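Summary of the model geometry
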Amino acid sequence: MDLEAVRTFVAVAEAGQFQKAAVDLSISQQAVSKRIAALERALGVRLFTRAPRGAELTIDGQAFLPHARELLRVAERAGASVRPGRRPLRVDVIASRSAQSSLMRGFHRAHPDVDLDVLMLLDIETAITAIRSGAIDASFRAVAAPGRPLPDDIASVRVLDEPLQLLTGPAHALAGARSVTVAQLTGHRIWMPGIAPGTEWGAYYEDLVAEFGLTIEVTGPNFGSDALLDTISDTPALATFMGEHSRLIWPAGHGLRRIPVTDPTPVYPHSLLWHRDNPHPALATLRTHLATTTARHDAAGTWTPGWVIPPSRRRAGGVQRGQRGSRG
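Notes on the structure in this doc start here.

Thresholds, definitions, all that
Residues numbered from 1 in each chain as written. Predicted model: local features only at pLDDT ≥ 70, side-chain atom pairs only at ≥ 80, totals over all residues. Heavy atoms only, no water. Helix = DSSP H or I, 4+ residues; strand = E, 2+ residues; numbered from the N terminus. 1 Å grid on protein atoms, 1.4 Å probe; cavity = no way out; pocket = protein on both sides within 12 Å on 5 of 7 lines; lining within 4 Å. Points joined across faces, edges and corners; volume = space filled by probe spheres on them. Nonpolar A, V, L, I, M, F, W, Y, C, P; charged D, E, K, R; others polar. Expected span 1.5 Å × (residues − 1). Buried < 20%, exposed > 50% of the residue type's maximum accessible area, 1.4 Å probe, protein only. Polar contact = N/O pair within 3.5 Å; in protein donor to acceptor, adjacent residues only side chain to side chain. Contact = heavy atoms within 4.5 Å. Salt bridge = Lys/Arg side-chain N within 4 Å of Asp/Glu carboxyl O.

Of note, the amide linkage connecting D263 to P264 takes the cis form, showing an omega dihedral of -10°. Within the fold, P264 resides in the loop between β11 (257–262) and β12 (265–275). Of note, the phi angle at S26 is positive, near 60°, even though the residue is not glycine. Residue placement: S26 occurs in the loop between α2 (18–25) and α3 (29–43). With phi around 55°, D263 is a residue other than glycine that occupies positive phi space.

Shown next as C-alpha cells:
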C-alpha cells in the first residue's frame, strides 16, 4: 500500500477539503485527487463523497481512517528505529564481565541520555560483518591477528591495555605469591578452555606461548566461567589467565587467588572498531569518552610489538604502550 496515498487520505479527512489538504501537504490539488483515486482503486471502495462544504468520508472511509492513522504511526516508528540519533547505539563486547563491558558501564554512567544496546558476538569476522551491514555501530576487539589487516572501511583505535593476572586455587604452588614473573610460569599448566581457534584472542595467546615458552591448554569443553572457577579451585596443578579488569564472583570457599604477572606484564589490547561512514552521533560521543577516560596510545593496531609493559613502567604504575619484552 502506498504510504503517501494513505498520508494524503488522512490529510483530506482531517482538513475536510482536497484544496486545504493540498496546501497542508505542499502539493497540487490535482496530485491529491490522483493519490486518493489510486488508493480507492487499490482498496476497491469509495473513501470520500463530494459535498457543498468539501469532502466527506463514506462509511468505508470512516472505517479505514483509524487504520490509516495507525499505518502512519507504525511507519514513523519503523523509520525512527534506524534513524541515526533516534535509535540506540549498538555496541558489541566479548563478554558481560569483561573489561569492555566495564568501559560501556562507565560510558552509560557518564552519558545516561544515550540509549544503548550492548550485545555479544563470537568472533571478529562476525563483528566486522555486522559493522559493515549496519547491524551494530561498534565492537571492542583486539583488532586482528598479525597478517590479517582490517578492511579499509573499518576504523579502529586502541583504547585499553589490560594487564593479565594469574588465577589459582588455594593449593597451587604459586598461590602464596604476591606477584609472579613470566619466567616463573614456565612449566606450569595454564588451562583456558574458552580459546577458540581462529579468534583474535586465540592468536594473542599463541603469540604469548611462542614468546615466553608458556604451556596453555585448551582441552575439554568450555562450560563457562563458573565451571572454570570450580575446576581451578579444586585442581592444584591448574591455573588460568584473566584480565585485571574482569569482574568474576566465586563462592568464598573456593579460596581463589588473583596474582599480578610481572617482568614483563603481558597486556591484552582492547580496541574499538567502527565503520568510517557511520553517522550515529552517539558513536562520536563514545569515542571521545574513551579517549578521555582510558590510557592513550600512539597507534590503533595490534598486540605486536606493544603487548607487554616493561618492568620499569609497571612499577611506576603506568599502563602504557610497551615494547616486546625478553623471555624471563
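Further notes follow.
With that out of the way, let us pick up the layout of surface pockets. In this model, the largest pocket occupies a volume close to 990 Å³. Forming the boundary of the largest pocket are 31 residues, of which I94, A95, M192, G194 and S246 lie nearest the centre. Put simply, the parts of the chain that give the lining of the largest pocket at least two residues each are α5 (99–110), β6 (154–168), α7 (200–212), α8 (225–234), β10 (238–243) and β12. No other element matches the four residues that β10 contributes to the lining of the largest pocket. Classifying every residue of the lining of the largest pocket by side-chain character gives 18 nonpolar, eleven polar and two charged.

With that settled, the discussion passes to α5. An ideal rise of 1.5 Å per residue puts 16 Å on twelve residues; α5 measures up with 17 Å between its terminal C-alpha atoms. Among the residues of α5, those classed as buried are A99, Q100, S101, L103, M104, G106 and F107.

Let us look at the side chain of H172. Residue placement: H172 occurs in the loop between β6 and β7 (180–181). A distance of 3.0 Å separates the side chain of H172 from the backbone nitrogen of L174, its partner in a polar contact. If we ignore the near neighbours within four places in the chain, the residues touching H172 are H188, P236, A237, L238 and A239.

Turning our eyes to something else, we now look at the pattern of salt bridges. A complete count under the given rule lists eleven salt bridges for this structure. The partner of E4 in a salt bridge is R7, with the nearest N and O atoms 3.5 Å apart. Separated by three residues within a single helix, E4 and R7 lie in helix α1 (residues 3–15), roughly one turn from each other. We classify E4 as partly exposed; its relative accessible area is 38%. For R141, the salt bridge goes to D92, with nearest N and O atoms at 2.9 Å. Residue R141 is located in strand β5 (residues 138–141), and its partner D92 is located in strand β3 (residues 89–92); the two are separated by 49 residues in the primary sequence.

Without other data, these values stay purely geometric and don't point to any function.
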